[in-house]
Amino acid sequence: MAAPREAAARAEALRAEIERHNHAYYVLDAPTVPDAEYDRLFRELQALEAQYPELQTPDSPTLRVGGRPLPAFAPVRHALPMLSIRTETDAGPEGAHAFDARVRRALGLDESAPPVEYAAELKFDGLAVSLRYEDGVLVQAATRGDGETGEDVTQNVRTIRCIPLRLKGAPPALLEVRGEVFMRRPDFEGYNARQRELDRPTLVNPRNGAAGSIRQLDPRIAAERPLSFYAYGVGETRGWRMPSRHSEVLDALAAFGIPVCEHRVVAPDAEALAAFHAAILAGRDALSFDIDGVVYKVNSLALQERLGFVSREPRWACAHKYPAQEELTEVLGIDVQVGRTGKLTPVARLKPVFVGGVTVTNATLHNEDEVRRKDVRIGDTVVVRRAGDVIPEVVSVVLERRPAALAEASPWRLFDAVAGKCPVCRSDIARLEGEADWRCTAGLYCPAQRKQAILHFASRKAMDIEGLGEKLVDQLVDRDLVGSVADLYDAERVDADSLAALERMGGKSALNLVEAIAGSKRRPLARLIYALGIRNVGEATAKDLARHFGSMERLRQAGIDELQRVKDIGPVVAESIAAFFREPHNGRVVDSLAGAGVRGEPEAAAAGRAVLQGLTFVLTGTLPRLTREEAAALIEAAGGKVSGSVSKKTDYVVAGEEAGSKLDKARTLGVPVIDEDGLRQLLES
Ligand code: IVH
């Protein structure tokens, strides 16, 4: 039955509207209608086409969901070959100048000739395709293949939502658009997460994800994969008054509704190319997709023609690389580290590899499930990724490189690797129902946890004890000088003499540390609460608790209900706090801290007296009435900082009798020197 005229008109209107929404959603990133409305329009069109198959045009959005599987891809001969580009291996700024020099030489330009204008773009990392639009309708999509002949992947490419099935405006009779199909990192991660939930195979990386999807014979597979596309040039055209510059060609494609990446510039000379290379490198981690470099092109199409090709590579373009963010290396071992809360973290020990600009020797494996999921085994070759400042991670195992003997071994298990014992204190380990992590059950008995607890206590956002770093804490704990954070304030254990006996500690730094510890005694309550390292209590929660309870004692006495009355505190956090204080050891630590004068200053007082906020003091010599500790505590309580050594950053040196080298240093650096009375005046100001 032939379609009635109204049905044909409705189908046409639906096609246009659906494609408009697609463009708004996938290209402009600005959806115009709710998903439900989009689905309704889509289903209406599907129903019409099912009733009247002749209404399904080659640009119908219903083709985007993927048709029937193909027996094989048909070959497509490219009217204009799809070329590759020469890669400038030099990853430094010289690469841009080397390219410019080659171009100028080939054009016979001497030094006095004006600079050559370039277009600079990103080098997308996916699969090159050519899209053929006849009278504005997408009729064919082909892969690059060997450059002469590719494969017909039209069905798959139609499933890519950001590729228009019909061009906007007044498109030419024939337009071949060339560009790259790729996958954005969040799409890749989301897809893999869904696959994992369904127990289905995951993609190795975004690039394989893109290339593999396009080369699937079953278009429904491509339809499920979140692919993107950016155009970077044109092939054959007919009936088009082509602009005279490459940058304008891309502008024109964008006006036809084709996705063109916004990160591109017209560079007036080689210097601007090098600047683009540097700017993109700096912003690389903020991009939502991976790039392995940038591409430079001579902007004038007339000059491009004059320059021509050498062995399939145009003389007018080149790729300028960046250091790789992913590399292959070998897993030498899997260590298990113990964190502050007793969490056991598997860490891959790696054969050193240069990736993302640094040499990486370790990469976190997060937890046992992660190791199992990736099936990392000692002796495997793995992909290591380091992007920006993010800690290096093992992305995947290259199974083809797995040694035969290893393939037969069983997967790595944390429990077996440590024989069920904490690698530091040999206590039992446990993994609670529903948790991803194994933990050492020994709590603060475990030296590893104690060390982490002390480091956390002393850290900048907690009690801010300058100079109490990892090496020192290791020694203090290993020599039994410090068993808990309260011991830090026990003068019988920690004094200048005992500290000076440690490695890497001179008498002077020992004294500084003693002062820093004393100076930390009167930190505000919020800092002290945070410093205790209660599970689930971060800085913000600690502040809320301090404000609500006003003293450590009241916090300690609070029941679960009272705790839950504090803003933002739910049952989980309330339970961690209560559990912390139920533990007798923790109660003793809090008592000893209070005994040593570390009770947490009330918020209001701490804030109200912050007259020394932002000022750094150094104490030296014997003051007439105050001990050094008392002076330090007064300064701290008023928001000031006490440092052990004089530098240009010191605001005041408070000097008493027999002040020594610090006083001399203050004088040479021109730092103001005051006495005890001067300090009192400042405090009262
Ligand atoms: S232009 C005549 N521009 O890199 C020059 N290519 O080896 C043809 N690529 O196969 C390519 N981003 O898949 C060009 N902005 C860009 C590109 C780009 C990625 C890929 C393309 C090509 C390969 C070159």
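One can find the structure itself at the top, above this paragraph.
Residues numbered from 1 in each chain as written. Predicted model: local features only at pLDDT ≥ 70, side-chain atom pairs only at ≥ 80, totals over all residues. Heavy atoms only, no water.

Trainee: So what exactly am I meant to see when it comes to the overall build of the chain here?
Mentor: On a plain count of helices and strands, the chain comes out with 27 helices and 24 strands. Here the C-alpha radius of gyration of the chain, 34 Å, is well above what a compact globule of 685 residues would show, namely 26 Å. Along the three orthogonal principal directions, the C-alpha set of the chain runs to about 100 × 70 × 55 Å. A buried classification covers 48% of the 685 residues belonging to the chain. Considering only contacts within the chain whose residues lie at least 6 apart along the sequence, 66% involve residues at least 24 apart. Of the accessible surface of the chain, which amounts to about 33,100 Å², a share of 51% is contributed by carbon and sulfur atoms. (Helix = DSSP H or I, 4+ residues; strand = E, 2+ residues; numbered from the N terminus. Rg over C-alpha atoms; globule rule 2.2 N^0.38 Å. Buried < 20%, exposed > 50% of the residue type's maximum accessible area, 1.4 Å probe, protein only. Contact = heavy atoms within 4.5 Å. Areas by Shrake-Rupley, 256 points an atom, 1.4 Å probe, with all protein chains shown as cover.)

Trainee: For this particular structure, what's the right way to read helix α14 (residues 447-458)?
Mentor: One full turn of an α-helix is made of 3.6 residues, so residues set three or four places apart face in the same direction. For α14, built from 12 residues, the straight-helix expectation of 16 Å at 1.5 Å per residue is met to within 8% by its first-to-last C-alpha distance of 16 Å. Summarising burial for α14: 10 of the 12 residues are buried, a large majority. Packed against the buried residues of α14 are β14 (326-338), β20 (438-440), α15 (470-478), α18 (525-531) and α23 (584-595). (Expected span 1.5 Å × (residues − 1).)

Trainee: Hey, could you run me through the environment of valine 204 in this one?
Mentor: In this fold, valine 204 is placed in the loop between α5 (185-197) and α6 (206-214). Since its relative accessible area comes to 45%, valine 204 is described here as partly exposed. Once residues within four sequence positions are removed from consideration, valine 204 is found in contact with Phe188, Val395 and Ser396.

Trainee: Whenever I open this one, the side chain of glutamine 449 confuses me. Can you help?
Mentor: Relative to the elements of secondary structure, glutamine 449 occurs in helix α14. On the basis of relative accessibility, which here comes to 4%, the residue glutamine 449 falls in the buried class. If near-sequence neighbours (up to four positions away) are discounted, glutamine 449 is found in contact with Val338, Gly339, Arg340, Thr341, Gly342, Cys440, Ala442, Gly443 and Leu444.

Trainee: Even after reading the chapter, I still don't get the pattern of salt bridges, so can you show me in this structure?
Mentor: Between side chains of opposite charge, a pair can form when the charged atoms approach closely. Under the counting rule described, the total for this entry stands at 60 salt bridges. Across the pair aspartate 251 and arginine 264 runs a salt bridge, and its minimum N-O distance is 2.6 Å. In this pair, aspartate 251 sits in helix α8 (residues 246-255) while arginine 264 sits in the loop between α8 and β9 (265-267), placing the two residues 13 residues apart along the sequence. On the basis of relative accessibility, which here comes to 40%, the residue aspartate 251 falls in the partly exposed class. One continuous salt-bridge network, built from bridges that share partners, spans Arg132, Glu134, Glu176, Arg178 and Glu236. (Salt bridge = Lys/Arg side-chain N within 4 Å of Asp/Glu carboxyl O.)

Trainee: Explain the sheet that holds strand β10 (residues 291-298) here, please?
Mentor: Strand pairing within a sheet occurs via backbone hydrogen bonds; the two strands may be parallel or antiparallel. Strands sit in the order β2-β13-β10-β3-β9 across an open sheet of 5 strands; the sheet is mixed. A single partner strand is all that each edge strand has here, and the edge strands are β2 (86-88) and β9. Averaged over all pairs of adjacent strands, the angle between strand axes in this sheet comes to 35°, irrespective of strand direction. Where strand β3 (residues 118-124) lies against β10, 7 bridges are found, and the strand directions are antiparallel. (Pairing = 2+ DSSP bridges. Axes fitted to C-alpha atoms, helices over the stretch in contact; angles between N-to-C directions.)

Trainee: Help me understand the packing of aromatic side chains, please; the structure alone is not making it clear to me.
Mentor: Each aromatic ring pair is described using two quantities: the centre-to-centre distance and the angle formed by the ring planes. Overall, the coordinates contain 14 aromatic pairs when judged by the stated rule. On the basis of an interplanar angle of 25° and a centroid distance of 5.3 Å, the ring pair of phenylalanine 182 and tyrosine 230 is categorised as stacked. Taken together, the residues phenylalanine 182 in strand β7 (residues 174-182) and tyrosine 230 in strand β8 (residues 228-238) connect sequence positions 48 residues apart. As far as burial versus exposure is concerned, phenylalanine 182 and tyrosine 230 are alike and both buried. Relative to tyrosine 489, the ring of phenylalanine 457 has its centre 6.3 Å away and its plane inclined at 75°; by these criteria the two rings are edge-to-face. (Phe/Tyr/Trp six-rings, centres within 6.5 Å; stacked < 30°, edge-to-face > 60°.)

Trainee: Explain unusual backbone geometry here, please?
Mentor: Note: most residues except glycine have negative phi, and most peptide bonds are trans. Backbone geometry places aspartate 375, a non-glycine residue, at a positive phi of 50°. Positionally, aspartate 375 belongs in the loop between α11 (368-374) and β17 (381-385). With phi around 55°, glutamate 658 is a residue other than glycine that occupies positive phi space. Looking at where glutamate 658 falls in the secondary structure, it is placed in the loop between β23 (652-655) and α26 (661-669). The class of glutamate 658 is exposed, set by a relative accessible area of 78%.

Trainee: I would appreciate a short explanation of the site of the ligand in the present structure.
Mentor: Inspection of the region around the ligand gives 15 residues, with Ile85, Glu121, Leu122, Glu180 and Lys297 positioned closest. Between the ligand and leucine 122, the relevant distance is 2.9 Å, taken from a nitrogen atom to a main-chain nitrogen or oxygen of the residue. Here an oxygen atom of the ligand and a side-chain polar atom of lysine 123 are 3.2 Å apart. Here the ligand loses 88% of its free accessible area of 520 Å² to cover by the protein chains. Those elements that place two or more of their residues in the shell around the ligand are β3 and β10. At 4 residues, β3 tops the list of elements feeding residues into the shell around the ligand. (Near = heavy atom within 4 Å. Polar contact = N/O pair within 3.5 Å; in protein donor to acceptor, adjacent residues only side chain to side chain.)

Trainee: Looking at this structure, how should I read the nonpolar core?
Mentor: Side chains that are nonpolar tend, in soluble globular proteins, to be buried together. Counting 57 residues, the largest nonpolar core has Phe457, Ile465, Leu468, Tyr489, Leu545, Ile577 and Leu593 as the members making the most contacts within it. Going through the elements one at a time, α14, α15, α17 (507-519), α18, α19 (539-549), α20 (552-557), α22 (571-582) and α23 are the ones with two or more residues in this core. Each residue touching tyrosine 489, except ones within four places of it in the same chain, is listed here: Phe457, Met463, Ile465, Ile517, Ser520, Lys521, Leu593, Ala596 and Val598. (Core = buried A, V, L, I, M, F, W, Y, C linked by side-chain atoms within 4.5 Å.)

Trainee: What am I meant to see in the packing of helix α3 (residues 94-107) against helix α9 (residues 270-283) here?
Mentor: If you want to describe how two helices pack, look at the angle between their axes and the distance between the axes. Packing of α3 against α9 leaves a shortest axis separation of 8 Å and a crossing angle of 145°. For α3 against α9, the interelement crossing comes out right-handed. Every residue of α9 that contacts α3 at Ala96, His97, Phe99 and Asp100 is listed here: Ala270, Glu271, Leu273 and Ala274. When the residues that make up the contact of α3 with α9 are grouped by side-chain class, the tally is 5 nonpolar, 1 polar and 2 charged. (Left-handed = near helix turned anticlockwise from the far one by under 90°. Nonpolar A, V, L, I, M, F, W, Y, C, P; charged D, E, K, R; others polar.)

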